[in-house]
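These are the residues of each chain, in order.
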Amino acid sequence: MEYVTDDYINDYLRNVQPKYDGVLGDIQREATESNVPIIPHECARFLSTLLSFIKPKNVLEIGTAVGFSSGLMSRYLREGGKIITIDRYDIMLKDAKVNIKRMNLEDTITILEGDAAKILPTLNEKFDFIFVDAAKGQYGQFFPYCFNLLNVGGIMLFDDVLQSGTICKNRFSVPRRQRTIHKRLTNFLWDITHNDALETSIIPIGDGMALCHKIKDAVMDIPKTDVLDTEDIEYTEETKGDKND
Ligand SMILES: C[S@@+](CC[C@H](N)C(=O)[O-])C[C@H]1O[C@@H](n2cnc3c(N)ncnc32)[C@H](O)[C@@H]1O
């Protein structure tokens, strides 16, 4: 993956901010060494700081991978707080279950297995914090569901929204194969920045993060579609992921 900031800035941010301790730190190191696409350290630290003042009770995550970010978020929950995390890839889910057990978080973190596009319409409870770190081409599809599932005063954080910075360039300047995702992410970013129930900021950290604060009690219409919009992302034991994810 390429990041939106220069390497020397990434190196500095990763080195100046201490790594996580305990089993969480072990999971972060193991995932990084085996190229599992967990959030980079500077984004993890941003997430930690954000959650240290939100102190959420109920968290929803789309994109569990091996459970690193879930484990991280669990450190900042209010007493009795819970996390629901969704992932659709068996290879990831197998390791996530092991890691959640290693962190003794089986009672705190619930994994829902399947495509978020199918699971989101089945959720009824409300969340104080929603972290979306999954297939970027689906963010526009997830957005109305996440908006409706978020409490007023709640925060949504979307990871990897700038596509290595190419989103900031004209669509026709990017390779043809990237134009669909460019269009989808551009539309999604327009939607979250022009919704008057949200106060949104796009932050150039990692591969770009979008932070949305729900400031009004509003409900979004869910666009009617019968088509489950999924991206073709291959996972293997060797790569455990793909940079498109
Ligand atoms: C970048 S990784 C998540 C990393 C994790 N949040 C962390 O930092 O520890 C993205 C994950 O999203 C999952 N994913 C992508 N699209 C999805 C979808 N539509 N439904 C469920 N899971 C999805 C992939 O299987 C992958 O495990």
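From a predicted model like this one, the values you see are computed outputs, not experimental measurements. (Residues numbered from 1 in each chain as written. Predicted model: local features only at pLDDT ≥ 70, side-chain atom pairs only at ≥ 80, totals over all residues.)

Before going further, it helps to spend a moment on the overall build of the chain. Secondary structure summary: the chain contains 8 helices and 7 strands in total. Here the C-alpha atoms of the chain give a radius of gyration of 17 Å, agreeing with the 18 Å that 2.2 N^0.38 yields for 245 residues. Residue pairs at least 24 apart in sequence account for 69% of intrachain contacts in the chain once pairs closer than 6 positions are excluded. (Helix = DSSP H or I, 4+ residues; strand = E, 2+ residues; numbered from the N terminus. Rg over C-alpha atoms; globule rule 2.2 N^0.38 Å. Contact = placed C-beta atoms within 7 Å.)

As a structural note, the neighbourhood of the ligand is formed by 21 residues, with Gly63, Ala65, Phe68, Ala134 and Ala135 the closest of them. Elements supplying a minimum of two residues to the shell around the ligand: helix H4 (68-74), strand S2 (82-87) and helix H6 (116-119). Tallied by class, residues from the shell around the ligand come to 13 nonpolar, 3 polar and 5 charged. (Near = placed C-beta within 6 Å. Nonpolar A, V, L, I, M, F, W, Y, C, P; charged D, E, K, R; others polar.)

Considering the arrangement of structural elements, one finds Ile119 in helix H6. Ile119 gets classed as partly exposed once you count the C-beta atoms within 10 Å, which come to 17. Separated by 21 residues in sequence, Ile119 and Gly140 have C-alpha atoms that sit 15 Å apart. Beyond its immediate stretch of four places on either side in the chain, Ile119 contacts Ile86, Leu112 and Gly114. (Buried ≥ 20, exposed ≤ 12 C-beta atoms within 10 Å, placed from the backbone.)

Moving on, we get to the sheet that holds S2. The 7 strands are arranged S3-S2-S1-S4-S5-S7-S6 in an open sheet whose pairing can be described as mixed. Looking along the sheet, the strands with just one partner apiece sit at the ends: strand S3 (109-113) and strand S6 (198-203). Between one strand and the next, the sheet's axes are offset by a mean angle of 15 degrees, whatever the strand orientation. In this structure, strand S1 (residues 58-62) lies alongside strand S4 (residues 127-132), joined through 4 bridges in parallel fashion. Across the sheet, Leu60 pairs through a bridge with Ile130, a residue of S4. In the packing of helix H5 (residues 90-102) onto the sheet, contacts are made with S2 and S3, and the angle to S3 comes to roughly 170 degrees. Sitting on the sheet, helix H7 (residues 139-149) touches S1, S4 and strand S5 (150-159), and the angle it makes with S4 is about 170 degrees. (Pairing = 2+ DSSP bridges. Axes fitted to C-alpha atoms, helices over the stretch in contact; angles between N-to-C directions.)

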